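Listed below, chain by chain, are the residues.
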Amino acid sequence: MEEDQPPTAEVLFGVVDQETRQYFKSIEGRIDMNEWESEEDLQIFLSNVYEEVQDKELVLATDAETSVVVEKLLRISSDVHLRIFMDKMSGNFVHLFKHFCASHVCQTLLVLAADVLEREAKGTAPDNAPDDLPTMTELVTTMCEQLRTFLAVLSRDRHATFIIRVLLSVLSGTPLTTAAVRSKKSKAWNQRHNAAEVVPAVNSKPRTVPAALAPVRTAVLDELTAALAPHARTFAFDPVVNPVLQLLLGAVADKDALVKTLLMQDSATASEEQQDEYVKNLMETPVGSRLFEKILAICSATAFHHIYTRHFRGKLAAQCRHPAANFVVQALIANVKSESQMELLLDELAPAFDQLLFRGRPLIIVQFLELAHKYKNYRTVLKPLYVAIGIKRPRDLLPTLLYLNRNYPGCNDTDAPAPAPPADGAAGDESAPNAAPAKRQRQRHRGGPRHDDSSADPRAVTVSPAGNQIITTILRMPAAHNKELVDSFLARDMAWYHPYLVDPVVSFTLQAFLTAPTVNVPPKRKLLFSLLNHTSDMDLATLAADKFGSHIVDALWAMADLDAKDRIAVDLLVHEKKVTGSRHGTFVWRNCGLEQYKKKRDEWMQRQQGIDKKKALFQDFLDDETTEALATLGMTPPTKVDDEDEVDEEVEDVLVSKKKKRAPLAHVEDEIDQVFKAKATKGLMHDEQVEYVQEETVMAAQDKNMAEVLDAIKATKKRKKSKKAAAEKEADSDDEGESSAKRRKKKRAKRQFAS
């Protein structure tokens, strides 16, 4: 491999003298305290420090102790100071990138430079720099020119490779994720020693890049592609260069050409057997499989079709069982291009859902459920899922998914089991018998237990994070499709769920149930009333003081009506010391406004009434799509009850007592109004009587207009209700309403993808 090599001799920039070292230790304390009286005070401090370290930037960056302080200093520096520091390092980037200390300084400097470049692109950069100081755009351009011939070498260096990744992200304007910026070891070290970061070191949003950097970006990508492409199939298995290839795939213009190179599709000498063996190895190695996932995410529809038919069709079940290849299958499912492709993959894997669900690969099913949301094709995925679960009683559906084990705790009784602590080696994607191999596998996702042994000890079974993810995904579906899960929830006594309200995993699932806009209010109120009626040892005060239970209390509060909120407030006030004595309880206390409730209960009631009215008015103008969008953003609009027959018995008694229908008395009301008007105008002057009548006429007109508005709102609600009922009827009938032309089109697309 012929390429320009940097000088092999180590470049020494000198040694930090003792006086400078002591000075930096002293300023580190001030930076960590972050106690500046004003912005002007901070700028004076920075000016003094940069004046003190002038012409010492290189030696400070290469020292093990002072380089840490330099990183902290850069994080609080202004745009001008960052430009001054980068200008001092110009001409030595190759050596600094490869240095074990200076590489971290350069990395931090580049991350902060990304924000400076965005401000220069938008024209909001401060204009207080010396005239001879280059802009950040010019400094980055100069740096890239100095690095062009060394990009391939730096990509393979264990220190410089992280900076090359940051450079590609900065030039492309893509988000700077923590994984791209820091290694796991570096991230852990910074969390221990650099806790007081004034400026965030990671920008997770896309950024605007100056137009002047477009040709620089093209030149860097061309140079890097030309240097790495001839040896890309070797670098695909290299843990140092592999992440650079992933970023390169997302940045280059001709992605399919690089995909063909990485998958050996452009090789004229390799046979089909050699190509298939190479792709199989790429898919089944922890490093190579990550690159394969990136390929499936960015390739075109044509390339995706070719990859599926060549390397996946007919092999999916076996690939799902592999500890590394199953992640590639998840990427394949997540990136399908059409509904027909989803159905084709589902046809092949549906018979294996039982093995996937209970043998440690449930996240593949999660991907199918996400596709069901994407294409609004819910029953196609839910049918094989429920068949695979194979429950005999509706009450078993929810707990079976919670544990991903049919022999869940309490499966033979109705007692409320306490969540079992995780067994040694049982957490993660594999179970305890396979814990040792699992440590050598990628642990990016946590799955369920590997074995569904009906003879296993129920106390050794732990809840499954992946199973809970399946539940939350189903809860986001329309009410007609999550009905089975909600019925399973209602089939058990609410006290059965109380121990799980403080569980680190299941509490998030129950919170999702309480906040799901597609779940009606009565099932949620059952859980609330069971806590208010103290049907077990668990109470609201205990939940409010718990790290996880406090979120449950907030969710219950959000869906409660005024009477229920009043009962919640009373229940929490009884245990005021317990609630306010907890860090988490104080947030619940504040969110419920209990301090105002103690002092001025009437004002608290009026305030809560106002909030409920605003929510109800807001809900009237929300259609189903808007509700789903709010749920995606984490907002929970109030859920209205469509069928009064489903109202909980405890709530129904209250509602029925308030529904006092009266016969129409329009003619009686008119006579009464005339009597009151005559009495009101008696004794007034003629002009005053005329004015009074005019006011009454205006008020009557306003009342008429308001009545028309209310009638329009009622008509809108009726239309929405009928539309929703029609949609649910259509969903229940599955594909009955689908036109024959549409079915033929889907079958034709499915056959084309399978061919």
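Quick caveat, the model's predicted, so the values are computed rather than measured.

Quick look at helix α28 (residues 465-475)
α28 sits mainly inside the fold: nine of its 11 residues count as buried. Regarding α28, the residues found buried are P465, A466, G467, N468, I470, I471, T473, I474 and L475.

Notes on the pattern of salt bridges
Taken as a whole and assessed by the stated rule, the structure comprises 22 salt bridges. Where D487 meets K483, a salt bridge forms, and the shortest distance between an N and an O atom there is 2.9 Å. With a gap of four residues between them, D487 and K483 both fall in helix α29 (residues 483-490), about one helical turn apart. For D487, a relative accessible area of 33% corresponds to the partly exposed category. Looking at K483, the relative accessible area reads 48%, which means it is partly exposed. Beyond isolated ion pairs, a larger network of salt bridges with shared partners links R21, D63 and E65.

Some points on the packing of helix α17 (residues 272-284) against helix α18 (residues 286-298)
Running from N to C, α17 and α18 cross one another at 100 degrees; their axes reach a closest spacing of 5 Å. By the criterion of interaxial angle, the relationship of α17 to α18 is roughly perpendicular. Touching V279, L282, M283 and E284 of α17 are P286, G288, S289 and F292, all from α18. Within the contact of α17 with α18, the residues separate by chemical class into five nonpolar, two polar and one charged.

Observations regarding the nonpolar core
Formed by 188 residues in total, the largest nonpolar core has its most connected members in F292, F312, F368 and L385. When neighbours within four sequence positions are excluded, L385 is seen to be in contact with F353, L357, I365, L369, I470 and I474.

With respect to the side chain of D566
Relative to the helices and strands, D566 resides in helix α34 (residues 562-574). With relative accessibility at 16%, the residue D566 sits in the buried group. Within the structure, D566 has its side chain in polar contact with the side chain of Y597 (distance 2.6 Å). If we ignore the near neighbours within four places in the chain, the residues touching D566 are Y597, R601, W604 and M605.

Observations regarding a negative patch on the surface
A contiguous patch of negative charge on the surface is contributed by D17, E19, E51 and E52. For E51, the location among the structural elements is in helix α2 (residues 39-52). Looking at E51, the relative accessible area reads 57%, which means it is exposed.

As for the packing of aromatic side chains
Tallied over the full model, the rule gives 14 aromatic pairs. With centroids separated by 6.1 Å and ring planes inclined at 75 degrees, the aromatic side chains of F508 and F548 adopt a geometry described as edge-to-face. Placement of the pair is F508 in helix α30 (residues 506-515) and F548 in the loop between α32 (540-544) and α33 (549-559), with a sequence separation of 40 residues. Since its relative accessible area comes to 45%, F508 is described here as partly exposed. Seen from the ring of F162, R165 lies directly overhead, with NZ or CZ sitting 4.3 Å from the centre. K337 extends its terminal NZ or CZ atom over the ring of F304, reaching a point 5.3 Å from the ring centre.

Topic: the side chain of E57
Mapping E57 onto the fold places it in helix α3 (residues 57-61). The side chain of E57 is buried and forms no salt bridge, while K88, the nearest opposite charge, is found at 5.2 Å. Within the local environment of E57, its side chain forms a polar contact with the backbone nitrogen of D55, the two atoms lying 3.1 Å apart. Apart from the residues lying within four places of it in its own chain, the contact partners of E57 are F85 and K88.

What to know about unusual backbone geometry
Backbone geometry places M264, a non-glycine residue, at a positive phi of 65 degrees. Here M264 lies in the loop between α16 (255-262) and α17. In this structure M264 comes out as buried when scored by relative accessible area, which is 13%. At L404, a position not held by glycine, the phi torsion is positive, near 50 degrees. Assignment of secondary structure puts L404 in the loop between α26 (397-403) and α27 (435-439).

About the thresholds
Residues numbered from 1 in each chain as written. Predicted model: local features only at pLDDT ≥ 70, side-chain atom pairs only at ≥ 80, totals over all residues. Heavy atoms only, no water. Buried < 20%, exposed > 50% of the residue type's maximum accessible area, 1.4 Å probe, protein only. Helix = DSSP H or I, 4+ residues; strand = E, 2+ residues; numbered from the N terminus. Salt bridge = Lys/Arg side-chain N within 4 Å of Asp/Glu carboxyl O. Axes fitted to C-alpha atoms, helices over the stretch in contact; angles between N-to-C directions. Parallel < 35°, antiparallel > 145°, perpendicular 65-115°, else oblique. Contact = heavy atoms within 4.5 Å. Nonpolar A, V, L, I, M, F, W, Y, C, P; charged D, E, K, R; others polar. Core = buried A, V, L, I, M, F, W, Y, C linked by side-chain atoms within 4.5 Å. Polar contact = N/O pair within 3.5 Å; in protein donor to acceptor, adjacent residues only side chain to side chain. Patch = residues over 30% accessible without salt bridge, like charges linked within 9 Å, V, L, I, M, F, W, Y side chains within 5 Å. Areas by Shrake-Rupley, 256 points an atom, 1.4 Å probe, with all protein chains shown as cover. Lys, Arg positive; Asp, Glu negative; His and termini not counted. Charge placed at Lys NZ, Arg CZ, Asp CG, Glu CD. Phe/Tyr/Trp six-rings, centres within 6.5 Å; stacked < 30°, edge-to-face > 60°. Lys NZ or Arg CZ within 6 Å of the ring centre and 35° of its normal.

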